[in-house]
Amino acid sequence: MAKVAFIGLGNMGGPMAINLLKAGHAVTAFDLSAAALAQVKAEGAAVATSAAEAVVGAEFIISMLPAGKHVLGLYLGEQGVVAQIGKDALVIDCSTIDADSARNVGAGLSAQGIAFIDAPVSGGVGGAKAGTLTFIVGGDDAHFERAKTVLGNMGKNLFHAGSVGAGQVAKICNNMLLSILMVGTSEALQMGVDNGLDPKVLSDIMLKSSGRNWTLELYNPCPDVMPNVPSSNGYQGGFMVDLMAKDLGLALEAAMHSNSSTPMGALARSLYVAHQRAGNGKLDFSSIFKLFEKKAG
Ligand code: NAD
C-alpha cells in the first residue's frame, strides 16, 4: 500500500481520499478548510497543518483544487511545497484546469526532477463517492502506469490521452461536445412538445433514430421522461451549471490558443453563462432545458 498526500478535500477530493483509505493506502490530507479535513480524519486520514508538511515522504501527491491559479500556487508558489517533495514521488493533479497551467506545473516540477501527470476526472460527486470516476491522463507512459496504483482505487476507467496537458484538453473537448448535445436535445424536445408531441414518445423515436445521443440515452433533460435523473428531481444533484460554464470557458480559451473554430462550443458557452447569470448556477446542467420551455402567460 502506498503513502499518499492528498491536497484539496472538497466535494470531489473528500470522497476520493476516503476511497484510497478504504483500499488501505496511508493518506495524509491538507485543505484550507477545517471542515473538509475533519471529514477525512474521521475516516482514518492523518491531517497536516500545511501542504508542505503533507507531502513529506509521500510516494504519490494528489491535488483536487478549484482552478489553475490554485494548482500553480500550490506547486510553483511561495508555500515551499516543492522543496519537500521526494525525487521519487509522482505528483498527480486531478483538478480541471487550463492545459497551459498543467504544462507549466509539469515543466516547473520536472526542472526539480519531480514527475507530474494531469489527471482530470469525469463522473462527478456520485462517481467520486462510488469509486467509478473516469481519469483522463496526460503524461509519460511510465508515470501513467505507476499512477494506476492509486487511480484504480478511485476510478473505473483510466485513459492515457497523451503528454502532460493532454488530459485537460481531452476533458474539455468532451464537455464542450456534451454541452452542445444537451442544448440541441433540449431544443428538439421542446419543439416537439410545442407541436403536440409527448416528450417520452419523441425521446423513444429519436433514441432509435439518427438523433440518438448520450443525453437521450441516460440523462433526458425534459422533466418526467426518465426516472432517477436530475430533470425529474427539480434539476438537483448531478453536474452543476457553474461547473459546465467553467469548463466551457476553459474550452474557449484553448480554442483561442490553438486558433480552432468552435462556433457551437462558443454558442453553448454563451447560453450556459446566460443561464448561470439568471440564477441557475447550482442546478444540474440539464436545466438548460428551462431556457426553451414555454412559460404560462
Ligand atoms: P470544492 O470547492 O468542493 O473543493 C475544493 C477544495 O480545495 C476546497 O475544500 C478548498 O478549501 C480547497 N482548496 C482550495 N485552495 C487550496 C489550497 N491552496 N490548499 C489546500 N486546499 C485548497 O470543488 P470540487 O467540486 O471538489 O472540485 C474540485 C475540482 O474538480 C475542480 O477543478 C472541478 O472543476 C473538478 N470537477 C468537479 C466535479 C464536480 O461535479 N464537483 C466534476 C468533475 C471535475
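Analysis parameters
Residues numbered from 1 in each chain as written. Predicted model: local features only at pLDDT ≥ 70, side-chain atom pairs only at ≥ 80, totals over all residues. Heavy atoms only, no water. Near = heavy atom within 4 Å. Polar contact = N/O pair within 3.5 Å; in protein donor to acceptor, adjacent residues only side chain to side chain. Areas by Shrake-Rupley, 256 points an atom, 1.4 Å probe, with all protein chains shown as cover. Buried < 20%, exposed > 50% of the residue type's maximum accessible area, 1.4 Å probe, protein only. Helix = DSSP H or I, 4+ residues; strand = E, 2+ residues; numbered from the N terminus. Right-handed = clockwise from strand over helix to strand, strands pointing away. Pairing = 2+ DSSP bridges. Contact = heavy atoms within 4.5 Å. Domains from an automatic or database assignment. Buried area = accessible area lost by both parts, 1.4 Å probe. Salt bridge = Lys/Arg side-chain N within 4 Å of Asp/Glu carboxyl O. Axes fitted to C-alpha atoms, helices over the stretch in contact; angles between N-to-C directions. Left-handed = near helix turned anticlockwise from the far one by under 90°. Nonpolar A, V, L, I, M, F, W, Y, C, P; charged D, E, K, R; others polar. Expected span 1.5 Å × (residues − 1).

Right, let's talk about the site of the ligand for a bit. Neighbouring residues of the ligand: 22 residues in total, closest N11, M12, D31, L65 and K246. Taking T96, its main chain carries an N or O atom lying 3.0 Å from an oxygen atom of the ligand. Here an oxygen atom of the ligand sits 2.8 Å away from a polar atom, N or O, in the side chain of K246. Coverage of the ligand by the protein chains reaches 85% of its 830 Å² of free accessible surface.

Now for the pairing of strand 2 (residues 26-30). Among the 5 residues in strand 2, 4 count as buried, and that is most of the element. Each parallel crossover has a hand, and for strand 1 (residues 3-7) linked through helix 1 (residues 13-22) to strand 2 it is right-handed. At this point the chain moves from strand 2, through helix 2 (residues 34-41), to the parallel strand 3 (residues 46-47), and the crossover so formed is right-handed.

Taken across its 5 residues, strand 1 has 4 buried, putting it largely inside the fold. In the sheet, strand 1 pairs with strand 2 via 5 bridges, with the strands oriented parallel. Across the sheet, the residue bridging to F6 is A29, located in strand 2. Relative to strand 4 (residues 60-63), strand 1 runs parallel, the two being bridged by 4 bridges. Across the sheet, residue A5 finds its bridge partner in strand 4, namely I61.

On to the side chain of Q168, then. Tracing the backbone shows Q168 in helix 8 (residues 166-194). The buried category is assigned to Q168, whose relative accessible area is 1%. A polar contact is formed between the side chain of Q168 and the backbone nitrogen of I97, at a distance of 3.1 Å. Setting aside residues no more than four positions away along its own chain, Q168 makes contact with D93, S95, T96, I97, A99, A102, D118 and P120.

By the secondary structure assignment, T185 is in helix 8. Assessed through its relative accessible area of 5%, T185 is described here as buried. Along the backbone, T185 and C222 are 37 residues apart, and their C-alpha atoms lie at a distance of 9.3 Å. Apart from the residues lying within four places of it in its own chain, the contact partners of T185 are N213, T215, L216 and P221.

The residue N220 is located in the loop between helix 10 (214-218) and helix 11 (241-258) in this model. Only 2.9 Å separates the side chain of N220 from the side chain of S203, close enough to count as a polar contact. Here the side chain of N220 touches C222 through a polar contact of 3.0 Å, landing on its backbone nitrogen. When near neighbours in sequence (up to four residues on either side) are disregarded, N220 contacts L189, S203, T215, V225, M226, V229 and S231.

Annotation of the protein at the domain level lists domain 1 (3-162) and domain 2 (169-292). For domain 1 and domain 2, the distance between their C-alpha centroids amounts to 29 Å. Contact residues are listed per partner, giving 12 residues for domain 1 and 8 residues for domain 2. With both chains or domains summed, domain 1 and domain 2 bury close to 760 Å², and 62% of this area falls on carbon and sulfur atoms. Counting the contacts that link domain 1 with domain 2 gives 0 salt bridges.

Glancing now at the pattern of salt bridges. Inspection of the entire model under this criterion finds 6 salt bridges. The closest approach of N and O atoms between D204 and K200, which form a salt bridge, is 3.4 Å. Of this pair, D204 and K200 both sit in helix 9 (residues 199-207), 4 residues apart, which is roughly one turn of that helix. Between D242 and K282 there is a salt bridge; the shortest N-O distance is 2.7 Å.

Let's shift gears to the packing of helix 11 against helix 12 (residues 263-280). One way to put it is that helix 11 packs onto helix 12 with a least axis distance of 9 Å and a crossing angle of 145°. Where helix 11 crosses over helix 12, the two elements pack in a sense that is left-handed. Touching V241, D242, M244, A245, L248, G249 and L252 of helix 11 are G265, A266, A268, R269, Y272, V273, H275, Q276 and N280, all from helix 12. Residue composition of the contact of helix 11 with helix 12, by class: 9 nonpolar, 5 polar and 2 charged.

Our focus in this paragraph is helix 11. Helix length check: helix 11 (18 residues) gives 26 Å between terminal C-alpha atoms against 26 Å at 1.5 Å per residue, within 8%. Within helix 11, the full set of buried residues consists of V241, M244, A245, D247, L248, G249, L250, A251, L252 and A255. Residues of helix 11 that are buried in the fold lie against helix 8 and helix 12. Once helix 11 finishes, N259 follows within two positions and takes phi at roughly 55°, a positive value.

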